[in-house]
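Here are the chains, one letter per residue:
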Amino acid sequence: MSESLDKTTSPSSASSRATPRGAEDADEGHDVSDTFYTSQRKKGSHVFRVRLDATGFTLQRESPGGSIVKEQHVRISDIVGARCMRPKKSRRLAMSGACACSSGNPNSPAISASGDHHRPATTPSKCSTNSRDSIPSDGGDVSAFLYVFAYVLKKRSLRSELHRERTVLTLRFRSFDTFEDNMREADRWYRSLRWQLHRTLEEIFVAPTVDERRRRVLVLLNPKSGSGDAREVFNMHVTPVLNEAEVPYDLYVTKHSNFAIEFLSTRCLDAWCCVVAVGGDGLFHEIVNGLLQRQDWAHVLPHLALGIIPCGSGNGLARSIAHCYNEPYFSKPVLGAALTVISGRSSPMDVVRVQLQSRSLYSFLSIGWGLISDVDIESERIRVLGYQRFTVWTLYRLVNLRTYNGRISYLLTDHEVSSTHSATGYAAQRRMQSSRSCNTHIDMLNGPAPIYHSSAEYLPQEFADVISLETSINQSFRSRCDSWLSGGSRRSFYYSISESIYHSLADESEFAGLAAASLENRQQNYGPASELPDLSEPLSEDQGWLVEEGEFVMMHAVYQTHLGIDCHFAPKAQLNDGTIYLILIRAGISRPHLLSFLYNMSSGTHLPEAHDDHVKVLPVRAFRLEPYDNHGIITVDGERVEFGPLQAEVLPGIARVMVPK
């Protein structure tokens with residue numbers, strides 16, 4: 001969706017601009033307002049009073065008498081960034097002899113603020129005497145444009161679900177006689193918006209420099225996750241959002257299993273404010289374990305947020321984050337996750353320490369034994385089906401049901417689980433940044449575009465095409481646009497050539513030859529010390545340990561709401577509640593009862609309100625599993641681990657995960 005407004009006030013009318021009222025009201029010094037108008041061929045002109053303040057953009061449409069007819073508001077939390085530019089003359093229109101009239105001409109078409117989707121005019125009319133007299137003799141348009149990018153919640157119909165829709169608010173500045181003066185005015189609005197946006201960022205996301213720009217983001221991409229299209233998904237749907245938000249990033253493509261563990265456990269991470277996994281929950285599992293294998297984990301974790309772009313088969317964490325913050329997921333899961341990555345907000349997240357017989361590791365999602373773990377691992381043989389492989393193999397395993405003997409000991413949490421799902425405070429007010437956006441037009445990226453990008457010679461015209469669509473599918477301009485951070489971001493396109501999939505920037509680093517040996521020689525993890533007895537020691541009932549023993553269909557310990565996109569496994573879970581939800585299903589459960597349990601997992605209504613003879617839900621802070629059989633499958637975060645006894649304990653809030661605004 002696009003909204004285009006034309007500013008035609010004279011320079012003398014600039015008295016409408018807000019000025020600082022004093023040190024006690026610093027925000028007002030960054031509030032700007034002015035009068036714009038739109039014109040349409042059929043509906044005529046409309047006058048708009050536009051104001052930008054800490055809440056966002058307010059657009060008030062005035063009647064000829066000066067009264068407010070309609071008011072629209074674009075929230076600051078929905079805005080990701082803006083861009084100043086001067087569009088080039090359309091070669092297509094020039095060659096065809098078409099007249100692309102300026103919106104300054106009352107007889108010309110322009111985009112209405114109410115959402116009429118005509119193409120915005122970027123060239124003054126050759127047939128208009130007024131427009132020819134109002135521009136320099138060379139026929140150039142001296143207007144400067146400010147494009148504001150927002151992703152607002154919308155509903156297509158009463159029955160449809162909420163979704164994020166890209167909206168571009170276009171402000172045209174043409175009050176002055178020269179392009180430089182008009183661009184200076186547009187840039188003033190841009191810097192005011194940027195200042196307002198940076199006020200919403202947490203401190204860890206802002207570099208401690210004079211201009212306090214956004215810190216860099218480390219992106220780790222698994223090209224084989226899910227159906228194998230993570231590279232294309234990132235380039236087509238995530239890169240445009242990062243560029244619009246002016247978030248610089250460095251992209252590293254994983255080359256083998258445990259690549260992320262090697263990278264994060266050995267590299268200096270001071271240059272990055274967050275680590276983003278483009279892949280599935282397996283890649284995120286490697287990231288968590290890599291960070292907790294560092295000697296300086298206690299210093300790194302509070303200053304490094306973690307994010308995820310769902311490109312895997314399960315995507316339980318991404319779904320859980322969206323659910324906890326009531327953010328739409330199903331319509332555009334990648335878009336929602338990309339907006340979360342640039343939100344500048346984070347929340348503490350529980351991590352679970354898991355002790356096996358031979359090693360310790362860390363988990364963020366779940367620990368499984370029995371039915372669900374069997375489905376998760378055995379369905380790999382039909383991975384080509386994507387997420388549907390879980391449904392197919394669940395039905396197969398339901399027909400061929402297995403049971404397992406074992407002993408499960410656990411420590412209960414308090415009866416009333418307190419939710420500490422809190423958002424961190426906003427950062428303190430920051431000085432306005434000096435803009436780097438005052439470019440006359442946007443340059444193409446150097447080097448060849450990826451093969452799945454459409455090519456266009458004139459970027460401004462392509463930009464106009466994007467603006468004219470309500471929900472842009474053709475994002476080739478935004479994908480190739482290198483924003484204001486071209487010097488650094490271009491390095492992130494190293495992966496774009498298909499032959500370079502396994503040749504990430506890591507090849508140039510000093511750690512590549514030493515990481516594997518370092519990981520292999522490491523005998524133990526760092527991280528918080530365990531408060532549990534050693535796995536080989538007995539547990540005392542005097543310390544509150546309770547026991548379930550016998551034959552089980554499954555045991556699953558979960559600490560996020562979702563195990564997958566449609567598996568709402570632990571409805572009461574929170575990101576930071578210090579609780580492991582231990583679900584036990586005993587042998588003897590009927591197949592209809594078990595089928596009902598599995599079917600209702602999609603809605604979160606599968607768990608009984610009270611314990612029954614076969615299904616128990618236990619909120620615990622630690623547990624120990626001791627299988628009596630010598631065969632079976634145990635998974636941690638969906639990854640198979642050695643079969644045998646294990647114990648787990650929750651570490652409340654030691655990691656930080658990025659969350660929506």
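Since the structure is predicted, the reported quantities are computational estimates derived from the model, not experimental observations.

1. What about the pairing of strand β22 (residues 646-658)?
The buried fraction of β22 is high, at 10 of 13 residues. Here strand β13 (residues 346-355) pairs with β22 via 9 bridges, running antiparallel. If you follow Val-354 over to β22, its bridge partner there is Ala-648.

2. Considerations on the pattern of salt bridges
One pass over the full model with this rule turns up 21 salt bridges. Between Asp-187 and Arg-191 there is a salt bridge whose closest N-O contact spans 3.3 Å. Placement of both Asp-187 and Arg-191 in helix α3 (residues 179-199) is noted, with a separation of 4 residues, approximately one turn of the helix. Among the residues examined, Asp-187 registers a relative accessible area of 10% and is labelled buried. With a closest N to O distance of 2.7 Å, Glu-378 and Arg-402 form a salt bridge. A residue pair is termed long-range when its members are at least 10 positions apart, and Glu-378 in helix α10 (residues 371-378) and Arg-402 in the loop between α11 (388-399) and β16 (404-412) qualify at 24 residues. One network of salt bridges, with partners in common, ties together Arg-75, Asp-78, Arg-164 and Glu-327.

3. Quick word on the packing of aromatic side chains
Each pair of aromatic rings is reported with the distance of its centres and the angle of its planes. A complete count under the given rule lists 16 aromatic pairs for this structure. Ring geometry for Phe-263 against Trp-272: centres 6.2 Å apart, planes inclined by 40 degrees, an arrangement best described as tilted. Trp-272 matches Phe-263 in its accessibility class, with the two residues each being buried. Consider the rings of Phe-569 and Phe-597, whose centres lie 6.4 Å apart with planes at 85 degrees: the pair is edge-to-face. You can see Phe-569 sitting in the loop between β17 (546-558) and β18 (580-586) and its partner Phe-597 sitting in helix α16 (residues 591-599), a full 28 residues away along the chain. Owing to a relative accessible area of 0%, Phe-569 belongs among the buried residues under this scheme.

4. Focus on the environment of Gln-293
Topologically, Gln-293 is positioned in the loop between α6 (281-291) and α7 (297-300). With a relative accessible area of 11%, Gln-293 lands in the buried category. Taking the C-alpha atoms as reference, Gln-293 lies 9.7 Å from Tyr-362; in sequence the two are 69 residues apart.

5. Quick notes on the nonpolar core
If you look at the biggest cluster of nonpolar residues, it comprises 66 residues, and the most contacted ones within it are Leu-264, Phe-284, Ile-287, Leu-291, Phe-569 and Phe-597. A domain split of this core shows at least three residues from each of domain 2 (211-344) and domain 3 (366-414 + 532-651). Excluding residues that lie within four positions of it along the chain, Leu-264 makes contacts with Leu-218, Leu-220, Leu-269, Val-275, Ile-287, Gly-290, Leu-291 and Arg-294. Core analysis: the next-biggest nonpolar cluster, separate from the first, contains 38 residues, Val-168, Cys-273, Cys-274 and Val-276 among them.

6. Considering the confidence of the model for the protein
In this model, the protein carries a mean pLDDT of 75, and residues with pLDDT of at least 70 account for 69%. Counting contacts from residues 90-138, a segment whose pLDDT is below 50, to residues more than four positions away or on other chains yields 96 contacts.

7. Observations concerning unusual backbone geometry
Where the residue is not glycine, phi is negative for most of them; where a peptide bond is considered, it is trans in most cases. Backbone geometry places Asn-326, a non-glycine residue, at a positive phi of 50 degrees. In this fold, Asn-326 is placed in the loop between α8 (316-324) and α9 (333-341). Since its relative accessible area comes to 72%, Asn-326 is described here as exposed. Its identity as a non-glycine residue notwithstanding, Asp-637 has a phi of 55 degrees, on the positive side. Looking at the element boundaries, Asp-637 is found in the loop between β20 (634-636) and β21 (639-641). You can call Asp-637 buried: its relative accessible area is 3%.

Cut-offs applied
Residues numbered from 1 in each chain as written. Predicted model: local features only at pLDDT ≥ 70, side-chain atom pairs only at ≥ 80, totals over all residues. Heavy atoms only, no water. Buried < 20%, exposed > 50% of the residue type's maximum accessible area, 1.4 Å probe, protein only. Helix = DSSP H or I, 4+ residues; strand = E, 2+ residues; numbered from the N terminus. Pairing = 2+ DSSP bridges. Salt bridge = Lys/Arg side-chain N within 4 Å of Asp/Glu carboxyl O. Phe/Tyr/Trp six-rings, centres within 6.5 Å; stacked < 30°, edge-to-face > 60°. Core = buried A, V, L, I, M, F, W, Y, C linked by side-chain atoms within 4.5 Å. Domains from an automatic or database assignment. Contact = heavy atoms within 4.5 Å. pLDDT = per-residue confidence, 0-100.

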